[in-house]
Amino acid sequence: MKYSIICFFLFVIGATVVAQNNLPVQKMQLNWKFTQADREEWLEAKVPGCVHTDLIRHQIIEHPFYGTNEGKCQWVGETDWTYETEPFDLSEEQLNNEILRLRFNGLDTYADVFINNVQVLQADNAFRSWEVDAKGILTEQGNVIRIVFKSPLPIAEKKLKELPYPLPYEPIRAVVRKPQFHFGWDWGPKLITCGITKDIELIAYDEARLEDVYISSQRIKEHKAEMLATFRIHAAKAGSYTLHFEIEKTLDAWTTEVKLNKGINTIELPFEIENPLKWWCNDLDNPNLYTFNTLLQSNGHAIDTRTIRTGIREVKLVREKDRIGESFYFQLNGLDVFAKGANMIPFRFFPGEATEADYRALLQSCKDAHINMIRIWGGGVYEDDIFYDLCDEYGIMVWQDFMFACAMYPGDAQFIASVTAEAEEQTIRLRNHPCIALWCGNNENAEGWERWGWQRGLSDKEKTDILKAYSDVFQKTLPDIVKKNTSSSYWESSPRYGRADKRSFTEGDSHYWGLWHDEEPFEGLLQKVPRFMSEYGMQSFPSDEVLREMMVGDDFSFDNPGVQQHQKHNRGFKLMDKYMQYWYPKVSTDSLLFYSKMTQEVQAEGIGMGIEAHRRAMPRCMGTLYWQLNDVWPSFSWSGMDYKGNAKRLHEHLKVVYAPQLISCIVEDEQLYIYWISDNFIKDATLHMQFTITEKTATTDDYKVYESESKKVKLVHGSSVIHKQAIKDLLGKQSAADKIIQVTITDDYGQVKYERKQKLISPSPTYLTMPRPTAQP
């Protein structure tokens, strides 16, 4: 039943919601043990966690991240495991509640759950929670929960045999709703784990509980925000209840008596906030947050509370036809935002290992590097609540993939039902977070189908059936759920068109792997500029600390078996060296520690070159998300921060190339272009600009090549050329490739306002045949 609460709410000033200890949902404190299925050799278990971390703690297996240990523990994922609680008691009061349920917030993945030897659940999706009715099963003393985790491998094989069509590429993981990266990726190990990944909760109440509170911005004006609070309440008993709602920041509060029917009740409260403080992303303005408290009472006593912290904002993906193709950019509170960020793989490989301090350190580092968007990649996990809380706090927008990546997935009724439950839960869980900017259906599924050879050997009927399954999941089920539950935009697949399709540069987002996979030089990034670059990257070595964790013994060389096992890309070392020789041909592998540092320099300079090209092309291009932010284990990868959280040179370089105001110089078509780039709407300013070009190895003024005259320049929002000049007029016959340019912008009093020193890179002739990206769409 839906109630619309408008005029009959009583207005109360200064009311306070007081949390109670006897709330309907309580986290259970249980002691666990585990064993290999069908054995009785029990060992203490840590929950939340997984079987691998339990086995490591008991020294049954060596840590798979070190040396060559990964290969030694593959048997773990092929084995069934049993987890069981020590006997626990409940109070008579708890047992006598009308509602008595258990909620399992994370079961990875195929799990048979027993309470006191009664099977209550067969779980099959690691991305959702499960509630079971425990009334009449739980007793006052000696309760035992037993969970049998089955290896997903034989179950997946059985599912594939039952499908009426074959799935291409990596079908085993495609039919299993568990983190896809557990099956191995080109930056991480294959460790098919299982376990209880989140807390188990007891849900016990006799009257009613607040199942959900959703605070949404309906219409935002300069001096007023029209808001809507939607309360979902489950009543165990019909009757009259009191609902109290307050805003901490404004001290506004509303109280009303509501009559609830037994079962689910939906109540809506339209309200307004005067002079709202909007939520903004990093570097634009403050990420203002409001705290909303809800209290449900019965006969004068509190029976449930809920606190929601959210922001007032409107964010949408803008896709409009223009003379180039179709735009692709994010608009926040009416402002077109250039997205600066990275793709994030799971923060930790094993669940339960990350602390709030770990997440805070990561995201604080992102904030300091001027990142305003993180894409949660679809082959990983929906992150923990604390991740989104901190993104809200730091003003970091989140591009959220659903958990599908690089595969074609089934579309049978059972699979669709599982995906529906998963998507319903995750969209509702995350919709109060102002950081959520987009829900995306999958990672590279559409591109893989079109250009990765997945269709070879399939009949026309099989292709039709597979495409129908794709459509049912990504063009029907997921967008319908996003539209129903949220105010967020939906994007079907990242990217919609692969890099072999010309449309990947004129519409939608682009994953440009001409760099790295296709071995194109860095200069390709200067010319192949899409509307939104959502993936591109370059590998580098990690820190010395992480390198030593990979090695077997002290033999630090490419031939060390531990080093070999931690390079998951089959051409990784070869390609890193190719790009090294391109820019630093005198660097050899004789000293690997020095070589490793130089791979980070190459990565930083190459990706930095791409970032600047994308920002110079604003507003034609309106986003750049490099691959990848982090690592899940010690590895050679595309990350800007290694497994230990050490910032590589790339991450440090972001503080320059992602800065809100950037001076960017480039030589193209024999012309020097000096760009001024600003993400902020600033008051137009006319200042003075001067530049100096020196030799690359310059250490003193003796190497000066050219010093310009001072000129007046106008600085505006967006990207604009503030100086253009024929390079031969500056350098004569000298090459621009080995030069450093320093640009200084001062006010009328000679005070430096902006300054930049950078390499003056001139693209190779091969790429000058392509048209320069235009500044205006």
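Scroll up for the structure.
Residues numbered from 1 in each chain as written. Predicted model: local features only at pLDDT ≥ 70, side-chain atom pairs only at ≥ 80, totals over all residues. Heavy atoms only, no water.

(A) Just unusual backbone geometry, in detail. That bond from V47 to P48 is cis: its omega, 0°, falls within 30 degrees of zero. Residue M618 is joined to P619 through a cis peptide bond whose omega torsion reads 10°. For P619, the location among the structural elements is in the loop between α14 (592-616) and β34 (623-627). Positive phi outside glycine occurs at Y169, with the angle close to 65°. Here Y169 shows up in the loop between α3 (152-162) and α4 (171-174). Here D669, not a glycine, exhibits a phi torsion of approximately 55°, which is positive. Considering the arrangement of structural elements, one finds D669 in the loop between β35 (661-668) and β36 (671-678). Owing to a relative accessible area of 42%, D669 belongs among the partly exposed residues under this scheme. (Helix = DSSP H or I, 4+ residues; strand = E, 2+ residues; numbered from the N terminus. Buried < 20%, exposed > 50% of the residue type's maximum accessible area, 1.4 Å probe, protein only.)

(B) Focus on the packing of aromatic side chains. In the structure shown here, the tally under the stated rule is 53 aromatic pairs. Directly above the ring of W130 sits R128, whose terminal nitrogen or CZ lies 3.6 Å from the centroid. Looking at R348, its charged tip hangs above the ring of F347, at a distance of 4.3 Å from the centre. (Phe/Tyr/Trp six-rings, centres within 6.5 Å; stacked < 30°, edge-to-face > 60°. Lys NZ or Arg CZ within 6 Å of the ring centre and 35° of its normal.)

(C) How the structure looks around the sheet that holds β36. Spatially, the 3 strands line up as an open sheet ordered β35-β36-β40, and their pairing is antiparallel. This sheet does not close on itself; its edge strands, each paired only once, are β35 and β40 (718-726). Taking each pair of neighbouring strands and ignoring which way they run, the sheet shows an average axis angle of 20°. Across 8 bridges, the pairing between β36 and β40 is antiparallel. Looking at the pairing, S678 lines up with G718 of β40. Those strands touched by α14 are β35, β36 and β40, and its axis lies near 100° from that of β35. (Pairing = 2+ DSSP bridges. Axes fitted to C-alpha atoms, helices over the stretch in contact; angles between N-to-C directions. Contact = heavy atoms within 4.5 Å.)

(D) Here's a closer look at the packing of helix α7 (residues 413-430) against helix α9 (residues 460-485). Where α7 meets α9, the closest approach of the two axes is 10 Å, and the angle between their N-to-C directions is 30°. As the angle between them shows, α7 and α9 are arranged roughly parallel. The hand of the α7/α9 crossing is right-handed. Contact residues: α7 offers F415, I416, V419, T420, A423, E424, T427 and I428, while α9 offers D472, V473, T477, L478, I481, V482, K484 and N485. Here the contact of α7 with α9 is built from residues that sort into 9 nonpolar, 4 polar and 3 charged. (Parallel < 35°, antiparallel > 145°, perpendicular 65-115°, else oblique. Left-handed = near helix turned anticlockwise from the far one by under 90°. Nonpolar A, V, L, I, M, F, W, Y, C, P; charged D, E, K, R; others polar.)

(E) Examining the environment of A604 more closely. As for its position among the elements, A604 is in helix α14. Each residue touching A604, except ones within four places of it in the same chain, is listed here: R649, L650 and H653.

(F) Looking closely at the side chain of D472. Note on placement: D472 falls in helix α9. What makes D472 buried here is its relative accessible area of 13%. Reaching out from D472, the side chain makes a polar contact with the side chain of K468 at a distance of 2.8 Å. Not counting residues within four places of it along the chain, the set of residues in contact with D472 comprises G411, I416 and T477. (Polar contact = N/O pair within 3.5 Å; in protein donor to acceptor, adjacent residues only side chain to side chain.)

(G) Here's a closer look at the packing of helix α13 (residues 572-583) against α14. Interhelical geometry of α13 versus α14 gives an angle of 75° and a closest axis separation of 10 Å. By the angle between their directions, the pair α13 and α14 is classed as roughly perpendicular. Together, M576, D577, Y579, M580 and W583 of α13 and Y595, M598, T599, V602, E605, G606 and M609 of α14 make up the contact between the two elements. Here the residues of the contact of α13 with α14 are counted per class, giving 8 nonpolar, 2 polar and 2 charged.

(H) Spotlight on α13. For α13, which comprises 12 residues, the first-to-last C-alpha distance of 17 Å matches the rise-based estimate of 16 Å (1.5 Å per residue) to within 8%. Three or more residues of α13 are buried, namely G572, F573, L575, M576, Y579, M580 and W583. Projection of α13 onto a plane perpendicular to its axis shows the buried side chains occupying an angular sector of 170°, all on one side. The elements touched by buried residues of α13 are α12 (561-565) and α14. (Expected span 1.5 Å × (residues − 1). Arc of directions from axis to C-beta.)

(I) Region of interest: α14. In a regular helix each residue adds 1.5 Å, so 25 residues correspond to 36 Å; α14 covers 36 Å between its end C-alpha atoms and thus fits that length. The element α14 is largely enclosed, with a buried count of 21 among its 25 residues.

(J) Just the pattern of salt bridges, in detail. A full pass over the atoms with the stated rule returns 53 salt bridges. For R177, the salt bridge goes to E422, with nearest N and O atoms at 2.9 Å. Of this pair, R177 sits in the loop between α4 and β13 (183-185) while E422 sits in helix α7, placing them 245 residues apart in sequence. In this pair, the class of R177 matches that of E422, namely buried. Put simply, E211 and R209 hold a salt bridge, and the shortest N to O gap is 3.4 Å. On the accessibility criterion, E211 (22% relative accessible area) is partly exposed. The network of salt bridges with common partners includes R101, R103, E131, E201, R209, E211 and R232. (Salt bridge = Lys/Arg side-chain N within 4 Å of Asp/Glu carboxyl O.)

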